[in-house]
Amino acid sequence: MDSSHVEKDLTDILFTEKQIQDRLAEMAGEVERDYAGKDLVIVGVLRGAVMVMADLARSLNRHVEMDWMAVSSYGSGTKSSGVVRILKDLDADIAGRHVLIVDEIIDTGLTLSWLTKNLASRNPASVEILTLLRKPEALTMAVQAKYVGWDIPNEFVVGYGLDYRERYRNMRDIGTLAPHVYS
């Protein structure tokens, strides 16, 4: 969906589809260099990371195994509930392997802090995080992301996998959701 279809719901466009694709290609190059010759599995955090994971994987010029986890700390609201739940666990054994968690956004850091500790307990060779967006002002948990597309203000953003009540995920750009939509 083009953002022009929902422009009344947005206050502005932060990143266009082209900017997102270009940044993911740059990040893929960094991943390739850092994991050259290593057994890498990328783990997408469902559902928001689907777009990021797919486009990152297509930008990689190497074989990579992909797996998925579904974890939630939001429900259908706009703020984290503070409780993380596993809705779908990994299918692959990650012991001895390099794991790169791929997510679309680091907000409070609660989910990724918990997920990183959970995966680290499974004896991987390493666990790192790649995120397209990070909200430094919203962080309440220490989360070290190895790869960050952009830091953004603490506003409610949608598009490119980011949703509000399961809407806007398929928007090609990333924009700030207007308060009248969720107030």
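Reference entry: report on the structure contained in this document. (Residues numbered from 1 in each chain as written. Predicted model: local features only at pLDDT ≥ 70, side-chain atom pairs only at ≥ 80, totals over all residues. Heavy atoms only, no water.)

Attention now goes to the nonpolar core. Ranked by size, the top nonpolar core spans 27 residues in total, and within it Leu 100, Leu 130, Leu 132, Leu 133 and Ile 174 carry the most contacts. Where this core is concerned, the elements lending two or more residues are α1 (17–34), β2 (40–46), α2 (50–59), β5 (98–106), β6 (126–134) and β7 (147–151). For this core, the element with the most residues is α1, which contributes five residues. Setting aside its immediate chain neighbours within four residues, Leu 100 contacts Val 31, Tyr 35, Leu 40, Val 41, Ile 42, Val 43, Glu 128, Ile 129, Leu 130 and Tyr 147. In this structure, Met 69, Val 71, Val 84 and Ile 94 belong to the second largest nonpolar core, which totals 20 residues. (Core = buried A, V, L, I, M, F, W, Y, C linked by side-chain atoms within 4.5 Å. Buried < 20%, exposed > 50% of the residue type's maximum accessible area, 1.4 Å probe, protein only. Helix = DSSP H or I, 4+ residues; strand = E, 2+ residues; numbered from the N terminus. Contact = heavy atoms within 4.5 Å.)

What follows deals with the packing of aromatic side chains. Under the counting rule described, the total for this entry stands at four aromatic pairs. When the ring of Phe 156 is compared with that of Tyr 182, the centres are 5.5 Å apart and the planes differ by 40°; the resulting orientation is tilted. Taken together, the positions of Phe 156 in the loop between β7 and β8 (157–158) and Tyr 182 in helix α4 (residues 179–182) put the pair 26 residues apart, joining distant regions of the chain. Residue Tyr 182 is classed as partly exposed on the basis of its relative accessible area, which comes to 29%. Here a set of aromatic residues connected by ring pairs shows up, and it is made of Phe 156, Tyr 164 and Tyr 182. Residue placement shows Arg 167 over the ring face of Tyr 168; its charged tip is 5.6 Å from the ring centre. (Phe/Tyr/Trp six-rings, centres within 6.5 Å; stacked < 30°, edge-to-face > 60°. Lys NZ or Arg CZ within 6 Å of the ring centre and 35° of its normal.)

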